[in-house]
Amino acid sequence: MTAHPTDSAAHLLYIGTYTEPPNGRAQGAYIYRFDGASGELTHVQTVAAGKNPSFLVQHPTQPYMYAVNEYGQGDVSAFAVAPDGTLTMLNHQPAHGDDPCHLSIDPSGMYVMIANYSSGNFAVYPVEAGGRLGVASDIVQHTGSGPNTARQGGARAHFIAPDPAGTHIVVEDLGIDRTMVYTLDAGKLVPHDPPGIAAHPGAGPRHLAFHPNGRYAYVNNELDSTVTAYTYDGTRGVFAEVGTHTTLPAAFAGNNSTAEIAVHPNGRFVYVSNRGHHSIAIFAVDATTGDLTAIGHESTRGETPRSFALDPSGAWLLAANQNTDTVAVFRVNTDTGALTPTGEPVAVPSPVCLLFGR
């Protein structure tokens, strides 16, 4: 059944995946309809989206979707979004780097930006008429390394996105332990002054989430399982560290890495996924300072929660368990931040990214 366009946009969940062995078992990207009353998921479409369409982003105003194809010298792909939310591929461009793992689009909708993990660089692509991607307008290379020789032998760009005002572009580099800041000028990324802020050595910053007020930002550090709270001056593009906290309970002694981070729409809670402890760590936000206080953990009912997403209402959190091929649904207590599982996890092969459509 085809939903009304307005209802469809409010309740569609797009799932990026791995399709290639040894880690991938999916057949493409997946689209589900999410029932905001019951928390149920219903399959809508499986999209042939190229190899490993791992991370997805939607155009802010137009019916377009974009995905990185995460493999070797990968690609970035463009899709048209039909009124019922289904996708049709438009074109793709080379990533100009190895293992593209994240992408975003600037608030004007004119440029798509991608981060290439293994080569430590990132690229910018103009959005052409009809949503197709043009030839890359800029490619920027990071250099350096970190103390974790197994993971930080070189730059490892893991995240790229605009700040809330769209004034600055933020890049998380796991390999050099830095949050870097740029400005986007006519399709070119210009280094900002100051250039960004250093994480503590060996932290491995992975993803960043801004608070709804735009004055706080939070970075999950993949390699040492911590989360760092920052204040952010959007006018000057300057971060200042407030505090760093473990994402793990004191009794946990196994291997772990963090993956995703999100701030609840009400601004009161921050969530971080743990791969190893297989949980969502829950933090309360100090409204005055922006710092965090750990308030608990919730099992994701599977292994390796690579991604999770809060629905637009903030009433639900969905977690993608990459290694056990499921998406688990949780109801959010918006007063306490607590998560309560509902129903059985839904079978989805190798889920990597969850994105609620508009």
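First things first, this report covers the structure right here in the doc. None of the values given here were measured: they were computed from a predicted structure. (Residues numbered from 1 in each chain as written. Predicted model: local features only at pLDDT ≥ 70, side-chain atom pairs only at ≥ 80, totals over all residues. Heavy atoms only, no water.)

Some details on the side chain of Asn91
- Note on placement: Asn91 falls in strand β7 (residues 87–94).
- Of note is the side chain of Asn91, whose polar atom sits 3.0 Å from the backbone oxygen of Leu133.
- In this view, Asn91 contacts Val76, Ser77, Ala78, Arg132 and Leu133; residues no more than four positions away in its chain are not counted. (Helix = DSSP H or I, 4+ residues; strand = E, 2+ residues; numbered from the N terminus. Polar contact = N/O pair within 3.5 Å; in protein donor to acceptor, adjacent residues only side chain to side chain. Contact = heavy atoms within 4.5 Å.)

Some points on the pattern of salt bridges
- For the coordinates displayed, the defined rule picks out eight salt bridges.
- Its salt-bridge partner being Arg275, residue Glu222 comes within 3.3 Å of it at the nearest N-O pair. Linking Glu222 in the loop between β17 (216–221) and β18 (226–233) with Arg275 in strand β21 (residues 269–275), this pair joins segments that are 53 residues apart in sequence.
- Classification of Arg275 by relative accessible area gives buried; the value is 14%.
- Between Asp233 and Arg236 there is a salt bridge, with its nearest N and O atoms 2.9 Å apart.
- When its relative accessible area of 26% is taken as the criterion, Asp233 is described as partly exposed. (Salt bridge = Lys/Arg side-chain N within 4 Å of Asp/Glu carboxyl O. Buried < 20%, exposed > 50% of the residue type's maximum accessible area, 1.4 Å probe, protein only.)

A few points about empty space enclosed by the protein
- Within this structure, the stated rule accounts for one cavity of 30 Å³ or more.
- Counted as a void, the largest cavity has a volume near 70 Å³.
- Considering the residues around the largest cavity, the lining is formed by Ser54, Phe55, Glu70, Cys101, His158, Arg206, His207, Glu260, Arg306, Ser307 and Val352.
- Secondary structure elements with two or more residues in the lining of the largest cavity: β4 (53–58), β16 (205–210) and β24 (305–310). (1 Å grid on protein atoms, 1.4 Å probe; cavity = no way out; pocket = protein on both sides within 12 Å on 5 of 7 lines; lining within 4 Å. Points joined across faces, edges and corners; volume = space filled by probe spheres on them.)

A closer look at the sheet that holds strand β23 (residues 292–299)
- Read from one edge of the open sheet, four strands run β20-β21-β22-β23, paired in antiparallel fashion. On the outer flanks of this sheet lie β20 (257–263) and β23, each paired with one strand and no other. Geometrically, the sheet is characterised by an average inter-axis angle of 25 degrees between neighbouring strands, direction not taken into account.
- Two elements, β20 and β21, share five bridges in a ladder whose sense is antiparallel. The residue of β21 that forms the bridge with Ser257 is Arg275. (Pairing = 2+ DSSP bridges. Axes fitted to C-alpha atoms, helices over the stretch in contact; angles between N-to-C directions.)

Here's the deal with the pairing of strand β19 (residues 238–246)
- As defined by bridge partners, β18 adjoins β19 across eight bridges and the pair is classed as antiparallel. Bridging across to β19, Tyr230 finds its partner in Glu241.
- Here β18 folds back onto β19 in antiparallel fashion, the turn holding four residues, of which Gly237 has a positive phi close to 70 degrees.

Topic: the nonpolar core
- Ranked by internal contacts, the top residues of the largest apolar core, which has 31 residues, are Tyr14, Tyr66, Leu87, Leu103, Val112, Ile114 and Leu133.
- Considering each element in turn, this core owes the most residues, five residues, to strand β5 (residues 64–69).
- Not counting residues up to four positions away in its chain, the partners in contact with Leu103 are Phe55, Leu56, Val57, Tyr66, Ala67, Val68, Val76, Val112, Met113, Ile114 and Ile160.
- With 17 residues, the next largest nonpolar core counts Phe34, Leu41, Val329 and Val346 among its residues. (Core = buried A, V, L, I, M, F, W, Y, C linked by side-chain atoms within 4.5 Å.)

Here we look at the sheet that holds strand β12 (residues 157–162)
- In spatial order, the strands read β12-β13-β14-β15; together these four strands make up an open sheet with antiparallel pairing. In this open sheet, the two strands that pair with only one neighbour each are β12 and β15 (188–198). Averaged over all pairs of adjacent strands, the angle between strand axes in this sheet comes to 25 degrees, irrespective of strand direction.
- The pairing of strand β13 (residues 169–173) with strand β14 (residues 178–185) spans five bridges and is classified as antiparallel. Across the sheet, the residue bridging to Ile169 is Tyr182, located in β14.

Brief notes about the side chain of Thr326
- With respect to the element layout, Thr326 can be found in strand β26 (residues 326–332).
- Residue contacts for Thr326: discarding those within four places in its chain leaves Arg301, Ala319, Ala320, Asn321, Pro345, Val346, Ala347, Val348 and Pro351.

Describing the layout of surface pockets
- The calculated volume of the largest pocket comes to roughly 1200 Å³.
- Around the largest pocket, the lining comprises 39 residues; the ones closest to its centre are Phe55, Val57, Leu208, Ile261 and Leu355.
- Going through the elements one at a time, β4, β8 (100–105), β12, β16, β20, β24 and β29 (351–356) are the ones with two or more residues in the lining of the largest pocket.
- Here the residues of the lining of the largest pocket are counted per class, giving 27 nonpolar, seven polar and five charged. (Nonpolar A, V, L, I, M, F, W, Y, C, P; charged D, E, K, R; others polar.)

Some remarks on the packing of aromatic side chains
- Under the defined criterion, the tally for this structure stands at seven aromatic pairs.
- Ring centres of Phe34 and Phe356 lie 5.6 Å apart, and the angle between their planes is 75 degrees; on these two criteria the pair is classed as edge-to-face. Here Phe34 is found in strand β2 (residues 29–34), whereas its partner Phe356 is found in strand β29, with 322 residues between them in sequence.
- Residues Tyr232 and Phe239 carry aromatic rings whose centres are separated by 4.5 Å and whose planes lie at 40 degrees to one another, so their mutual orientation is tilted. Taken as a pair, Tyr232 and Phe239 share a single burial class, namely buried.
- Within the aromatic cluster, the residues linked to one another by ring pairs are Phe210, Tyr230, Tyr232 and Phe239.
- Residue placement shows Lys51 over the ring face of Tyr71; its charged tip is 4.9 Å from the ring centre.
- The lysine or arginine in question, Arg156, covers the ring of Tyr117, its NZ or CZ lying 6.0 Å from the ring centre. (Phe/Tyr/Trp six-rings, centres within 6.5 Å; stacked < 30°, edge-to-face > 60°. Lys NZ or Arg CZ within 6 Å of the ring centre and 35° of its normal.)

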